[in-house]
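# Tertiary structure, described
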Amino acid sequence: MKSLDGIKFAEMVQMGAHHLYQNAGYVDSLNVFPVPDGDTGTNMNLSMTSGADETKLHASAHIGKTAQALSKGLLMGARGNSGVILSQLFRGFGKAIEKNSEIDAKGLANAFQAGVDTAYKAVMKPVEGTILTVAREAAAKGVEVAETEDNLIAVMEAFIEEARASLDRTPDLLPVLKEVGVVDSGGQGLLFVYEGFLASMKGEPLPARNESSLDDLINAEHHRVQDFMDTSAIEFGYCTEIMVRLEDGKEPFDEEQFRQELNPMGDSLLVISDEEVAKVHIHSETPGAVLEAGQKYGSLIKIKVDNMREQHSAIVNETSKTPAKAKQQKIPYAIVTIAMGEGVANLLRSIGASYVIEGGQTMNPSTEDIVKAVQEIGAERVLILPNNKNIIMAAEQAAELLEIEAAVVPTKTIPQGMAAILAFNPEESVANNKNYMAEGFAHVKTGQVTFAVRDTSIDGVEIRKDDYMALAEGKIILSTSEMMDAAKQVLDNLMDEDSEIVTIIFGEDATAEQAEQLQSFIEENYEDAEVEIVDGKQSLYPFILSVE
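Residues numbered from 1 in each chain as written. Predicted model: local features only at pLDDT ≥ 70, side-chain atom pairs only at ≥ 80, totals over all residues. Heavy atoms only, no water.

Scanning the protein chain from N- to C-terminus turns up 22 helices and 18 strands. By the burial criterion, 55% of the 548 residues in the protein chain qualify as buried. The long-range share in the protein chain, meaning contacts at least 24 apart out of those at least 6 apart in sequence, stands at 72%. In the form shown here, the protein chain has an accessible surface area of approximately 23400 Å², with 46% of it arising from carbon and sulfur atoms. (Helix = DSSP H or I, 4+ residues; strand = E, 2+ residues; numbered from the N terminus. Buried < 20%, exposed > 50% of the residue type's maximum accessible area, 1.4 Å probe, protein only. Contact = heavy atoms within 4.5 Å. Areas by Shrake-Rupley, 256 points an atom, 1.4 Å probe, with all protein chains shown as cover.)

Here it is as structure tokens:
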């Protein structure tokens, strides 16, 4: 292959996205911290799917135009740091070839290099041993090989070979990866995209996939399609899930053929299978037809059908995200923040948040989600508080796309977000408020209690699956079978004689009585501290603790 046009590149994008989709669960499993919010694979999958969808809609023989479609889709669909970096890699890639109708081996290699340059500029403090390293070292090899090789496939093969080698070296660059015994999850996700590209170029089937979790992908897909949608806009109203036991004597099963058969029946289609079972999730108007299609291959061993219009109406009625007045008149200033848990969202609204986007751990909102939230408010100026380190880059990307004055206050936790909102002054400029709010959360300490999803060892702490982990300022300090022991250890780590205010936010997996026990513990050991208890209703984290 000596040249590459837009139609073939669009095919590469589809196959790269599909290979990542098949392996999203495996990428999630590589996250270093054994917390139940390891979602790099899910974020990258949804980001790449957004790019692939836009590419499919606007594919052109002109590769520059096709690459621009991919860039736009990725930009708007980017979720989490890994998704944002992926979008920047292909933003630079697309910019480098935007005027080309087709490219040769050197053009492909130089485009990958341009993508790396763009991504490194987008990250304030690039860390080696991550997706950036894999992209950079692979691109450098591609440029080197393209100097003497004009076969695009040969260059791509060398490119991927170096990407694999670079991925294998990531534990040598990041000690925590070596300690846990994994490679970088973002780099692995990127490699899956590249492998799909190569398979498409060679006309070969995709490499064997690792096992994925359909439940994780379904949860993420529901979050993606639910946000900012009116009930009347739901085109396919029944969330349909089936599990088919594949049987001899029935039609031979082919996953891709089955996927193509189901695709016209709805949207949000997910299909995962092995030798014995096929699992399906789809939003459809004709769930009966989905069941009938599955029965051709075996017995239905699980059936679940939900009316999403009824569910969505209930959600909208119970928790309106935006005050009615925000739609009726333009407001001079708005604070948009992100939180998980109805109680946490209500708390943030009560102290000054204009709009709370549902999200956070396991549900990182995309760049487009944040842009739409700001646009819906109709404010003249906005401050965006991510409250999660994995959402900061998507928030910053959203701020750049907005046509109003906007800034991101880089809050990484709910306690930081609370303190930042309280430091807001509506009489000050956006720039001044960003500084004041950053100063406001700088003195706040955050503690969390969550549970481990696997056995591992980090920073000398031995962790057992299902243990409760005590996190103080993001660092795991204890793993124990007792939730209250973990919470008390966090408080002892964060508090001293100068601590004045403690906020206990208890979640779905804790009780008000347990929160009161923590209050008693604080009053007995830190008598000068004031304690406030909030029913946050957040999942995954029984306790979020704020110490000031």
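For the structure shown, the criterion picks out 14 aromatic pairs. With a centroid separation of 4.3 Å and 25° between ring planes, the pair formed by phenylalanine 112 and phenylalanine 159 is classed as stacked. Of this pair, phenylalanine 112 sits in helix H6 (residues 105–122) while phenylalanine 159 is found in helix H8 (residues 152–173), placing the two residues 47 residues apart along the sequence. An aromatic cluster of at least three residues, connected via ring pairs, comprises Phe9, Phe90, Phe93, Phe112, Phe159, Tyr194 and Phe197. The ring of tyrosine 333 has arginine 381 sitting right over it, with the charged end atom 4.0 Å from the ring centre. (Phe/Tyr/Trp six-rings, centres within 6.5 Å; stacked < 30°, edge-to-face > 60°. Lys NZ or Arg CZ within 6 Å of the ring centre and 35° of its normal.)

This paragraph deals with empty space enclosed by the protein. In this structure the tally under the stated criterion is three cavities of 30 Å³ or more. A volume near 50 Å³ is recorded for the largest cavity. Around the largest cavity, the lining residues are Leu89, Phe90, Phe112, Gly115, Val116, Ala135 and Tyr194. Elements supplying a minimum of two residues to the lining of the largest cavity: helix H5 (80–96) and H6. At three residues, H6 tops the list of elements feeding residues into the lining of the largest cavity. (1 Å grid on protein atoms, 1.4 Å probe; cavity = no way out; pocket = protein on both sides within 12 Å on 5 of 7 lines; lining within 4 Å. Points joined across faces, edges and corners; volume = space filled by probe spheres on them.)

It is worth spelling out a negative patch on the surface at this point. A cluster of acidic residues, Glu497, Asp498, Glu500, Glu527, Asp528, Glu530 and Glu548, forms a negative patch at the surface. Relative to the assigned elements, aspartate 528 resides in the loop between helix H22 (512–525) and strand S17 (530–535). When its relative accessible area of 62% is taken as the criterion, aspartate 528 is described as exposed. (Patch = residues over 30% accessible without salt bridge, like charges linked within 9 Å, V, L, I, M, F, W, Y side chains within 5 Å. Salt bridge = Lys/Arg side-chain N within 4 Å of Asp/Glu carboxyl O. Lys, Arg positive; Asp, Glu negative; His and termini not counted. Charge placed at Lys NZ, Arg CZ, Asp CG, Glu CD.)

Moving on: the pairing of strand S15 (residues 475–480). Pairing geometry for strand S14 (residues 468–472) and S15, over five bridges, is antiparallel. Residue pairing for S15: alanine 472 is matched across the bridge by lysine 475. Connecting the antiparallel pair S14 and S15 is a turn made up of two residues, with glutamate 473 showing a positive phi of about 55°. (Pairing = 2+ DSSP bridges.)

For the rest of this paragraph, the subject is the sheet that holds strand S18 (residues 543–547). Within the open sheet, the six strands sit side by side as S15-S14-S11-S18-S16-S17. Their pairing is mixed. Sheet topology places S15 and S17 at the edges, where each strand pairs with a single neighbour. With strand direction ignored, the average angle separating the axes of adjacent strands in the sheet is 15°. Where strand S11 (residues 445–451) meets S18, five bridges bridge the pair, whose relative direction is antiparallel. Its bridge partner lying in S18, lysine 445 is registered against valine 547. (Axes fitted to C-alpha atoms, helices over the stretch in contact; angles between N-to-C directions.)

Right, let's talk about the packing of H5 against helix H7 (residues 131–146) for a bit. Where H5 contacts H7, the two axes come as close as 11 Å, and the packing angle between them is 20°. In terms of their interaxial angle, H5 and H7 are classed as roughly parallel. Crossing geometry of H5 relative to H7 is assigned as right-handed. Contact residues: Ser82, Ile85 and Leu89 in H5; Ile131, Leu132 and Ala135 in H7. When its residues are assigned to classes, the contact of H5 with H7 shows five nonpolar, one polar and no charged. (Parallel < 35°, antiparallel > 145°, perpendicular 65-115°, else oblique. Left-handed = near helix turned anticlockwise from the far one by under 90°. Nonpolar A, V, L, I, M, F, W, Y, C, P; charged D, E, K, R; others polar.)

Mean pLDDT over the protein chain works out to 87, with 89% of the residues at or above the 70 mark. Low pLDDT (under 50) marks residues 223–231, which in the prediction has 27 contacts with non-local residues, meaning those over four places away or in another chain. Segment residues 318–328: pLDDT under 50, and 14 contacts once partners within four positions in sequence are set aside and those in other chains are kept. (pLDDT = per-residue confidence, 0-100.)

With that settled, the discussion passes to the sheet that holds strand S7 (residues 334–339). Strand pairs in the sheet, formed through backbone hydrogen bonds, run parallel or antiparallel to each other. Here we have four strands laid out as an open sheet, ordered S8-S7-S9-S10, and parallel in their pairing. Both edges of this open sheet fall to strand S8 (355–358) and strand S10 (405–408), since each of them pairs with a single strand only. Each adjacent strand pair in this sheet contributes to an overall mean axis angle of 20°, direction not counted. Sheet analysis places strand S9 (residues 381–385) next to S10, joined by four bridges and oriented parallel.

With 16 residues, H7 ought to run about 22 Å at 1.5 Å a step, and its terminal C-alpha atoms sit 22 Å apart, in line with that. Buried residues of H7: Ile131, Leu132, Thr133, Val134, Ala135, Ala138, Ala139, Gly142, Val145 and Ala146, and no others. Where H7 is buried, its residues contact helix H3 (40–57), H5, H6, H8 and helix H10 (185–202). (Expected span 1.5 Å × (residues − 1).)

What follows deals with helix H1 (residues 6–22). With 17 residues, H1 extends 24 Å between its outermost C-alpha atoms, agreeing within 8% with the 24 Å of an ideal straight helix rising 1.5 Å per residue. The buried count for H1 comes to twelve of 17 residues, which makes it a mostly enclosed element. Buried within H1 we find Gly6, Phe9, Ala10, Met12, Val13, Gly16, Ala17, His18, His19, Leu20, Tyr21 and Gln22. Its side-chain oxygen 3.3 Å from the backbone nitrogen of isoleucine 7, aspartate 5 forms the N-cap of H1. (Polar contact = N/O pair within 3.5 Å; in protein donor to acceptor, adjacent residues only side chain to side chain.)

For the rest of this paragraph, the subject is the packing of helix H17 (residues 367–377) against helix H18 (residues 392–401). Where H17 meets H18, the closest approach of the two axes is 8 Å, and the angle between their N-to-C directions is 50°. Judged by the inter-axis angle, H17 sits oblique to H18. Helix-helix and strand crossings are classified by hand; for H17 and H18 the assignment is right-handed. From H17, Thr367, Ile370 and Val371 reach across to H18, where they touch Ala394, Ala395, Gln397, Ala398 and Leu401. Looking at side-chain class alone, the contact of H17 with H18 contains six nonpolar, two polar and no charged residues.

Mapped onto the fold, isoleucine 504 is located in strand S16 (residues 501–506). Residue isoleucine 504 is classed as buried on the basis of its relative accessible area of 0%. When sequence neighbours within four positions are dropped, the list of residues in contact with isoleucine 504 reads Ala515, Leu518, Gln519, Ile522, Val531, Glu532, Ile533, Val534, Phe543, Ile544 and Leu545.

To continue, consider the environment of glutamine 448. Looking at where glutamine 448 falls in the secondary structure, it is placed in strand S11. Judged by relative accessible area, which is 14%, glutamine 448 ranks as buried. Spatially, the C-alpha atoms of glutamine 448 and isoleucine 476 are 9.4 Å apart, while their sequence positions differ by 28 residues. Excluding residues within four positions of it along the chain, glutamine 448 makes contact with Met469, Ala470, Leu471, Val490, Tyr541 and Phe543.

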